[in-house]
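# Structure at a glance
Okay, here's what each chain looks like letter by letter:
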2 protein chains.
Amino acid sequence: MRCKPKQMISKTLLLLLLLVNASFAADLLPSWKDTAPKKAIVTFVEQVTREGSPSFVPVAERIATFDNDGTLWAEQPMYFQLAFALDRVRALAPQHPEWRTKEPFASLLKGDVKAALAGGEKTILEIVMATHAGMTTEEFEQIVRDWLASAKHPKTGRLYTEMVYQPMLELLDFLRANGFKTFIVSGGGIEFMRPWTEKVYGIPPEQVVGSSIKTKFEMRDGKPVLVRLPEIDFIDDKAGKPVGINSHIGRRPIAAFGNSDGDLEMLQWTTAGRGTRLALIVHHTDAEREWAYDRESSIGHLDKALDQAQAKGWTVVDMKNDWKIIYPVEKQ
Amino acid sequence: MRCKPKQMISKTLLLLLLLVNASFAADLLPSWKDTAPKKAIVTFVEQVTREGSPSFVPVAERIATFDNDGTLWAEQPMYFQLAFALDRVRALAPQHPEWRTKEPFASLLKGDVKAALAGGEKTILEIVMATHAGMTTEEFEQIVRDWLASAKHPKTGRLYTEMVYQPMLELLDFLRANGFKTFIVSGGGIEFMRPWTEKVYGIPPEQVVGSSIKTKFEMRDGKPVLVRLPEIDFIDDKAGKPVGINSHIGRRPIAAFGNSDGDLEMLQWTTAGRGTRLALIVHHTDAEREWAYDRESSIGHLDKALDQAQAKGWTVVDMKNDWKIIYPVEKQ
C-alpha cells in the first residue's frame, strides 16, 4: 500500500523553516517592553527547553493554560458572553411574550441592564439558561458564530474578537514555537469559545476547557443530535479550574496565565508541581488604552491573587507599563 | 532575545525522515491480512488525505476515536479495571475489618467473585467507589502504575498492558502518520487509563476520554491536592460517548472504532457527519487465540451495533480471519 504524505511533508518543512527562522528572529515578543515580565517569560522558556538543564521539561509535558476573559481578551464593561446573552434575550423576546412581565427579562427588554442583573449570580444563571440551552450543539455554534461576526463592543465599536491582547497572541505563538501545547481554562462557556479560539488564538477546540451545561444525545428523524439542557454541568472557575485541568488535560501545567481571583487556584496548582514553573497575572492598570481595575471590581476581581503573587514572587504584568500596544489594530 | 529551538528541529527532522520513509514502506499495517477491513481503512485514509479530492479533510479535523476495552486491549474474562478493583479490595481489606461480613466485600474476600458480582451494576459501583475514591489524584495514579507493573492476566499470565492488539497499535500509528489525532473514548475510568496510554498506545493523557468520579480541590499543609470523591461525575458509555466526545474534543470524529453496543452511539455520531467517514467494529471471533463472544456476552455485548453495521455497511473486523496476529508478543 502506498502512503501519500506530501501534505505532511510540506507542513513539516514549513515548520522547520519557521523554527530555523525563529532562532534568528530578533524578538518574538515585539509588543512586550523589555521589562521584568518579558524577562521572566523568556528566562522560563529558556530554562525548560534547554536540553541537559536541570529545569528541562520534555515537549509532551510543556502544558500552558490561559484564562480567557481579562487574560486573552477584554472583559469590560461586562463579560463578552454576558453581552451575547443579553443580545440573545432581545432576539428571542418575540418568542417569549411572558418575558415582558417576568424579571430579569422585563428589565432587560426595557434596556435597564443594571436592574436586570441586580439579582446577582442567580439572575445571570437564569439568563444564561434561557439563551444557551434548548438547541442542538450545532445550532448553538452557528448562533455564536453569527453574533461574533456582527456584534460590536459598546466602547470601541470593534468586533469582540478584535479586542484580544496583541502581547498575549505573541506569547501564545512564542510558547508554541518552543514546543508548548497551549490550552484555555476559562470560567466562560466552553461552547461559546470553541467556535473561534482556533482562528483567533490558534487554540483548537480540544484544547479549550470551560464551564458547561449538560447535553443529551438524541435521535431526531434518524439523525443523532446533542441537545443542550438547561442544567449546569461544570463551573470552571476558582477551585473548579484545577478540577477542569485534571479532567480535560490530565497533566499539571508548567505555566499558567490569569488576571483575577478566579485564577488563583489554577496558579497555585500549577506552581505546586515539581521543577521550574511560571505563574503570570495580567494586571489591568491602563485606564486610557484599556481599563484599570482590580480589588474593587466585580468583573475580573483581583485581590487575593495579587497578594499571593507578591508573596510568592509570581510575575505580574502592569499593562500600562509592560505592554507597548494592547490590541492587534494598533500594530504598525 | 535568542531562541533555542535545537531540540524542536531535531524532532522535526526525525518526523520528516519518518514520513519520507513511510511513503516507501511496503506496508504500515503488517499484522492485517489483505482482506476487506484493511482495504476499507487504507481507502478511507487515502480519500481524506488526498489534497484536491472531494473527500479531503484538513489535518486539524482528522479526529479518530477509539474505544479501549475489547477494541485496543482485551476485556475477558472480566474488564481489566474490574480485576484491578478486586485486587484493591484484597489489598485494602486489613484496613476494613467490616468488609469481612459486608457484601459484596465478604464474598470477594472469600474468593467467590461470582457471588460478589451477583448484585450487578450497583455492586460493581460500590466496589469501584471503595477502591477508586478517597485518595488524591497523584496517589491513585501511583496505585494504577504499581498494579499494572505487576498484576498478571489469569489466562495468559502476561501483564495486562501486553494484552493490547498489535493490529490496532499499527492502525493508531498509521492514522497518526497520516495526520490524524487519535483519542480514546472509553467507558473505563479516565484516571485508570491515563497513566499508561501514552507509553502503550502513543495517546497522551489529554486525548483520553473516559468515565470519571468527581474530584475536589483542597489545600493540605499548604499544598494543593485534588481529592477523588465517591461520587460519579460522568459515565462515558453508550449515549454518553458522543456527550464525552463533545465535551472533551469539541469536534465530531471522522473515524471511530469500537467493539460493542456501548460504542453504537459513538459510531452513529461519527458517521452522521458530512463527508467521508469510517466506522469500524472489532468482532471477537477467535476462541483460540483470544475469545469468541458477541450477542450473548455481558462483557463486550455486541448485538444492536452488529445489526447496524450490517445495515449501514460499517466495517467489521473478524479477528480470526482478518488479523495475522493478536498480541505484540507474537511478532516475529
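Residues numbered from 1 in each chain as written. Chains lettered and ligands numbered in written order. Predicted model: local features only at pLDDT ≥ 70, side-chain atom pairs only at ≥ 80, totals over all residues. Heavy atoms only, no water.

### What to know about a nonpolar patch on the surface
Residues and elements named next belong to chain A. Quick reminder of the rule: Each patch is built from residues lacking any salt bridge and having more than 30% relative accessible area; the joining distance is 9 Å for like charges and 5 Å for nonpolar side chains (Val, Leu, Ile, Met, Phe, Trp, Tyr). Here the accessible surface of atoms and residues is derived via Shrake-Rupley with a 1.4 Å probe, and residues count as covered only by protein chains that are part of the display. Take a side-chain nitrogen of Lys or Arg and a carboxyl oxygen of Asp or Glu: if they are within 4 Å of each other, that pair is a salt bridge. Helix and strand assignments follow DSSP, with helices taken as H or I runs no shorter than four residues and strands as E runs no shorter than two, numbered in order from the N terminus. Burial status follows relative accessibility: with a 1.4 Å probe on protein chains alone, a residue under 20% of its type maximum counts as buried, one over 50% as exposed, and anything between as partly exposed.
A grouping of Leu125, Ile232 and Ile235 is seen on the molecular surface, where their side chains present a nonpolar patch of about 230 Å² in accessible area. Position of Ile235 among the secondary structure elements: in the loop between strand 4 (223–234) and helix 10 (240–248). By relative accessible area, which is 46% here, Ile235 ends up partly exposed.

### Describing the sheet that holds strand 3 (residues 208–220) of chain B
Residues and elements named next belong to chain B. Formally: Here, a strand pair is defined by DSSP locating no fewer than two bridges between the strands. Simply put, an axis is a line fit to the C-alpha atoms, just over the touching stretch for a helix, and the angle between two N-to-C directions goes from 0 to 180 degrees. The contact criterion used is simple: two residues touch if any of their non-hydrogen atoms lie within 4.5 Å.
Pairing within the open sheet is mixed, and its seven strands lie in the order 4-3-2-1-5-6-7. Each end of this open sheet is capped by a strand with a single partner; those strands are strand 4 (223–234) and strand 7 (315–318). Taken pair by pair, the neighbouring strands of this sheet meet at an average axis angle of 30°, ignoring direction. Across three bridges, the pairing between strand 2 (residues 181–189) and strand 3 is parallel. Following the sheet pairing, Gly189 is matched in strand 3 by Ser211. The strands touched by helix 6 (residues 121–132) within the sheet are strand 3 and strand 4, with strand 4 carrying the most contacts at an inclination of about 180°.

### Looking at the confidence of the model for chain A
Residues and elements named next belong to chain A. Selection criterion: Here pLDDT means the predictor's own confidence in every residue, given as a number from 0 to 100.
Averaged over every residue, the pLDDT of chain A is 93; residues scoring 70 or more account for 92%. Every residue in residues 1–8 scores below 50 in pLDDT, and together they form 19 contacts with partners more than four places removed in sequence or on other chains. Under the prediction, the complex receives an ipTM of 0.91, its pTM being 0.92.

### A word on the packing of helix 10 of chain A against helix 11 (residues 264–271) of chain A
All names here are of chain A. Note the following rule: Working definition: roughly parallel below 35 degrees, roughly antiparallel above 145 degrees, roughly perpendicular at 65 to 115 degrees, and oblique for all remaining angles. Here the term charged refers only to Asp, Glu, Lys and Arg, the term nonpolar to Ala, Val, Leu, Ile, Met, Phe, Trp, Tyr, Cys and Pro, and the term polar to all other amino acids, Gly among them.
Relative orientation of the contacting elements helix 10 and helix 11 amounts to 55°, with a least axis distance of 7 Å. Classified by the interaxial angle, the pair formed by helix 10 and helix 11 is oblique. For the pair helix 10 and helix 11, contact is made by Lys241, Pro242 and Ile245 and by Glu265, Met266 and Trp269, respectively. When the residues that make up the contact of helix 10 with helix 11 are grouped by side-chain class, the tally is four nonpolar, no polar and two charged.

### Re helix 12 (residues 304–312) of chain A
Residues and elements named next belong to chain A. The line we're drawing: Picture the helix axis, draw a direction to every C-beta atom, and the arc is the one those directions span.
Buried residues of helix 12: Ala305, Leu306 and Ala309, and no others. The buried residues of helix 12 occupy one face: seen down the axis, they fall within an arc of 105°. Residues Lys304, Gln310 and Ala311 are exposed on helix 12 and point more than 90 degrees away from its buried face. Within two residues after helix 12, Gly313 carries a phi angle of roughly 75°, on the positive side.

### Remarks on the pattern of salt bridges
Under the criterion given, the structure shown has 38 salt bridges over all chains. As a salt-bridge pair, Glu138 of chain A and Arg252 of chain B come within 3.0 Å of each other at their nearest N and O atoms. Of this pair, Glu138 of chain A sits in helix 7 (residues 137–150) while Arg252 of chain B is found in the loop between helix 10 (240–248) and strand 5 (255–258), placing the two residues in two different chains. You can call Arg252 of chain B buried: its relative accessible area is 15%. Two residues, Glu218 of chain B and Arg220 of chain B, come together in a salt bridge whose shortest N-O distance is 3.3 Å. Using a relative accessible area of 25% as the deciding quantity, one classes Glu218 of chain B as partly exposed. By relative accessible area, Arg220 of chain B is classed as partly exposed at 37%. In this structure, a network of salt bridges that share partners links the residues Lys181 and Arg251 of chain A together with Glu198 and Glu206 of chain B.

### What about the packing of helix 3 (residues 80–92) of chain B against helix 7 (residues 137–150) of chain B?
All names here are of chain B. Put simply, helix 3 and helix 7 touch, their axes get as near as 11 Å, and they point 105° apart. Between helix 3 and helix 7, the angle is such that the two are roughly perpendicular. Every residue of helix 7 that contacts helix 3 at Phe80, Ala83, Phe84, Asp87 and Arg88 is listed here: Phe140, Ile143, Val144 and Trp147. In terms of residue class, the contact of helix 3 with helix 7 is built from seven nonpolar, no polar and two charged.

### Observations regarding the sheet that holds strand 5 (residues 255–258) of chain A
Residues and elements named next belong to chain A. Spatially, seven strands are ordered 4-3-2-1-5-6-7 in an open sheet, and the strand pairing comes out mixed. This sheet does not close on itself; its edge strands, each paired only once, are strand 4 and strand 7 (315–318). Each strand axis lies, on average, 30° off the axis of its neighbour in the sheet, ignoring direction.

### Section: the side chain of Asp261 of chain B
All names here are of chain B. Keep this limit in mind: When charges are counted, neither His nor the chain ends are considered; positive counts come from Lys and Arg and negative counts from Asp and Glu. Two N or O atoms count as a polar contact when they lie within 3.5 Å, although within protein this holds only if one can serve as hydrogen donor and the other as acceptor, and sequence-adjacent residues are included solely when both atoms are side-chain atoms.
You can see Asp261 is positioned in the loop between strand 5 and helix 11 (264–271). Within the buried core, Asp261 has no salt-bridge partner, and the shortest N-O distance to an opposite charge, that of Lys304, equals 6.0 Å. Separated by 2.9 Å, the side chain of Asp261 and the backbone nitrogen of Asp303 make a polar contact. Leaving out residues up to four positions away in the same chain, Asp261 has contacts with Lys238, His301, Leu302, Asp303, Lys304 and Ala305.

### Observations regarding the environment of Gly70 of chain A
In this fold, Gly70 of chain A is placed in the loop between strand 1 (63–66) and helix 3 (80–92). Accessibility expressed as a relative area gives 0% for Gly70 of chain A, which makes it buried.

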